[in-house]
Amino acid sequence: MLDQSPALFLLAEIFLVVRYRPVIEELADIILSADIETVEAVQRRYGEQTTYSSPPASLEVCLAKVESVQSKISSEISLNALDINDNTSRQHRENDQTRTRSASSSPRPSADNQRTNETTVKPTSLYVSNWTDDEKYKRTNDRTKFNETQLADRPYFEALVKALNCAESDQQCFYALSVLLTMTMNTSVESVILESVCLTVKCPDKSFYNTILVDQLCDILFSATTQDSNIRLVTLSLAISLLKKLVYNEEEKVSYISDHHLARIEQAHEQSTEDLRRHYRTQEMFLDMFEDEYRQMQLNPIRLEYLLKDACMLYPPTTTPLSGVEFIKRLPSGDIERARRSIRVFFHIRALSFELRSITDNELPLTKPENLVKQNDVLDLNNSDLIACTVHLKEKKDRRFLVTDPMQFILIEPDVKRLGWGIVKFCDLMQVNRRFLVTDPMQFILIEPDVKRLGWGIVKFCDLMQDVEVANDKEDTRSLHITIHKPVSNAYVKSNPPILNAKFTFDDHIRCMTAKQNLKLVK
């Protein structure tokens, strides 16, 4: 009666939210271990198709009848309130209520009997608390023998594994992965239930992991690296997360994956690298995109509970950015988004490969924070190319008062508590706006000469060059407008306010063009 995607969505929500052990254990055991007889019993109990027919009357007629009934009931209530002391009317009313209750409850025994007869078909020991020691030992003993034949004997689990096929769309695959992940993360699901089908998520020894399921997950990884793949980044992330839970022990940092499956993952890693090289040749801003995507992945890791809250995941995957769907939840549109997707796929599979092979990543990010210049650092400027400039910060439109002072530039705001007093909002030395722009391939650096040591300077402002935007001043050939935006750290925030928005005036137009050329070249 439900399409497969909404059904999987509802199951994922149940395992994500509910912690009542009898319900969760029974549901998980039916999905993973129910045989054909149990499935047929469940279908006999719940599988009756509901038929729909046109209503006998229109909606307006039904609403009119409801209004008339409500008015009749209200009039009866008012009459009963008047005759509440009349024993005869009270007796009639009690007799009417008794007949109504007996009439409404008369068909219930047959329904209860039918339900009892149906439940007798279902096995009586479906959750762990009712299992005997022999049954637990049998399930534990059979875990090393899970194969295609045993999968065929479990129709529900087989349907869940087959839903991981992404031949046409990854929507069912996304929700099938969500069901498996939420089921394995639910604390009310005992490990013995999962291990009966070799789901080694909660077991420290993962040597007997489900090879059929891992094969399907490797297929998803390899399909995600192909050109024009229909697998979204969120689906790839969930597949990698489940794969790691099955074959990798996080506490001991030990991988139990076989050589065959590791070779398949390495093949997907090589394929993603080749796809990345293709975009490297065609995208001029590739390195900036590479660094930005890595930073976004570190700031905003994908979390399953937030994905299941998003209603757009229930719709077929879209490609257009105009839909408002986040980039990782849809398919790419255009060459730039395809390059971004290839970068993310490379990062995901590369991290998985390194973790399974116990390799420490010392190459990413390309820009190491410890190697960057920081504010208030003292630099040796004897061998540096410097361009003198004057910085005119663009003030906010707040009302301020400029104080006349020979040594300092002072802006004050009137004190509302004391008449004739003011609060200093900004102050600095008069010559502070005179700066030197340092030519650096990685950073935008403004320094002030150090009065204590000749040939040295103090860093007053610095940021990554990839965040810098440069524009000419239309009225002054000696000036540039420079804006620096900090990268967005929240996926739901479109843009951050600029951390620097100023006009830079140089000594002449030649130095101005030199500064602009240097900024453009390093970008």
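Higher on the page you've got the structure.
Report on the accompanying structure. Remember, it's a predicted structure, so these values are computed and weren't measured experimentally. (Residues numbered from 1 in each chain as written. Predicted model: local features only at pLDDT ≥ 70, side-chain atom pairs only at ≥ 80, totals over all residues. Heavy atoms only, no water.)

Focus on the overall build of the protein chain
Okay, step 1: Secondary structure summary: the protein chain contains 18 helices and 13 strands in total.
Okay, step 2: Sorting the 523 residues of the protein chain into buried and exposed places 36% on the buried side.
Okay, step 3: Relative to all contacts within the protein chain whose residues are 6 or more apart in sequence, the contacts with residues 24 or more apart total 65%.
Okay, step 4: Accessible surface, the protein chain: about 31,400 Å² in total, of which carbon and sulfur atoms supply 53%. (Helix = DSSP H or I, 4+ residues; strand = E, 2+ residues; numbered from the N terminus. Buried < 20%, exposed > 50% of the residue type's maximum accessible area, 1.4 Å probe, protein only. Contact = heavy atoms within 4.5 Å. Areas by Shrake-Rupley, 256 points an atom, 1.4 Å probe, with all protein chains shown as cover.)

Details of the nonpolar core
Okay, step 1: Counting residues in hydrophobic clusters, the biggest one holds 66 residues, and the most contacted among them are Leu32, Leu177, Met183, Ile220, Leu221, Leu246 and Val247.
Okay, step 2: Here the element with the most residues in this core is helix 13 (residues 233–247); it accounts for ten residues.
Okay, step 3: Beyond its immediate stretch of four places on either side in the chain, Leu221 contacts Leu236, Ala239, Ile240, Leu243, Ile265, Ala268, Ile349 and Leu352.
Okay, step 4: Counting 20 residues, the second largest nonpolar core, distinct from the first, contains Ile387, Cys389, Leu480 and Ala502. (Core = buried A, V, L, I, M, F, W, Y, C linked by side-chain atoms within 4.5 Å.)

Section: the packing of aromatic side chains
Okay, step 1: Enumeration over the complete set of coordinates arrives at ten aromatic pairs.
Okay, step 2: Seen in terms of ring centroids, Phe286 and Phe290 are 6.0 Å apart; in terms of plane orientation they differ by 35°. Their pairing is tilted. A residue pair is termed a helical-turn pair when its members lie 3 or 4 positions apart in one helix, as Phe286 and Phe290 do in helix 15 (residues 286–299) at four residues. For the pair formed by Phe286 and Phe290, the shared burial category is buried.
Okay, step 3: Taken together through their ring pairs, the aromatic side chains of Tyr280, Phe286, Phe290, Tyr294, Phe346 and Phe347 make up a single cluster.
Okay, step 4: Over the aromatic face of Trp421 sits the side chain of Arg418, whose NZ or CZ is 4.2 Å from the ring centroid.
Okay, step 5: Positioned above the aromatic ring of Trp456, the side-chain terminus of Arg453 is 4.2 Å from the ring centre. (Phe/Tyr/Trp six-rings, centres within 6.5 Å; stacked < 30°, edge-to-face > 60°. Lys NZ or Arg CZ within 6 Å of the ring centre and 35° of its normal.)

Things to note about the pairing of strand 4 (residues 386–393)
Okay, step 1: Where strand 4 meets strand 8 (residues 434–438), five bridges bridge the pair, whose relative direction is antiparallel. When the bridges of strand 8 are listed, Ile387 appears paired with Leu437.
Okay, step 2: Here strand 4 runs beside strand 13 (residues 498–506); their pairing, made up of five bridges, is antiparallel. Residue pairing across strands places Leu393 opposite Ala502, the latter belonging to strand 13. (Pairing = 2+ DSSP bridges.)

Quick notes on the side chain of Arg341
Okay, step 1: For Arg341, the position within the fold is in helix 17 (residues 334–356).
Okay, step 2: This buried residue, Arg341, is left without a salt bridge; Asp275 holds the nearest opposite charge, at 5.5 Å.
Okay, step 3: In contact with Arg341, not counting residues within four places along its chain, are Ala224, Ser229, Ile231, Leu233, Phe327 and Pro332. (Lys, Arg positive; Asp, Glu negative; His and termini not counted. Salt bridge = Lys/Arg side-chain N within 4 Å of Asp/Glu carboxyl O.)

A closer look at the sheet that holds strand 11 (residues 468–472)
Okay, step 1: Spatial ordering of the open sheet is given by 3-10-9-8-4-13-12-11, a layout of eight strands whose pairing is antiparallel. Sheet topology places strand 3 (378–380) and strand 11 at the edges, where each strand pairs with a single neighbour. Each adjacent strand pair in this sheet contributes to an overall mean axis angle of 40°, direction not counted. (Axes fitted to C-alpha atoms, helices over the stretch in contact; angles between N-to-C directions.)

A few points about the packing of helix 10 (residues 171–185) against helix 13
Okay, step 1: Running from amino to carboxyl end, helix 10 crosses helix 13 at an angle of 35°, the nearest separation of the two axes being 10 Å. When you trace helix 10 past helix 13, the crossing you get is left-handed. Along the contact surface, helix 10 presents Cys173, Phe174, Leu177, Ser178, Leu180, Leu181 and Met185, while helix 13 presents Val234, Thr235, Leu238, Ala239, Ser241, Leu242 and Lys245.
Okay, step 2: Grouping the amino acids of the contact of helix 10 with helix 13 by side-chain chemistry returns ten nonpolar, three polar and one charged. (Left-handed = near helix turned anticlockwise from the far one by under 90°. Nonpolar A, V, L, I, M, F, W, Y, C, P; charged D, E, K, R; others polar.)

Remarks on a nonpolar patch on the surface
Okay, step 1: Together, Tyr280, Leu287 and Leu366 make up a nonpolar patch on the protein surface, roughly 330 Å² of accessible area in all.
Okay, step 2: For Leu366, the position within the fold is in the loop between helix 17 and strand 3.
Okay, step 3: For Leu366, a relative accessible area of 48% puts it in the partly exposed group. (Patch = residues over 30% accessible without salt bridge, like charges linked within 9 Å, V, L, I, M, F, W, Y side chains within 5 Å.)

Nothing here speaks to function; it is geometry throughout.
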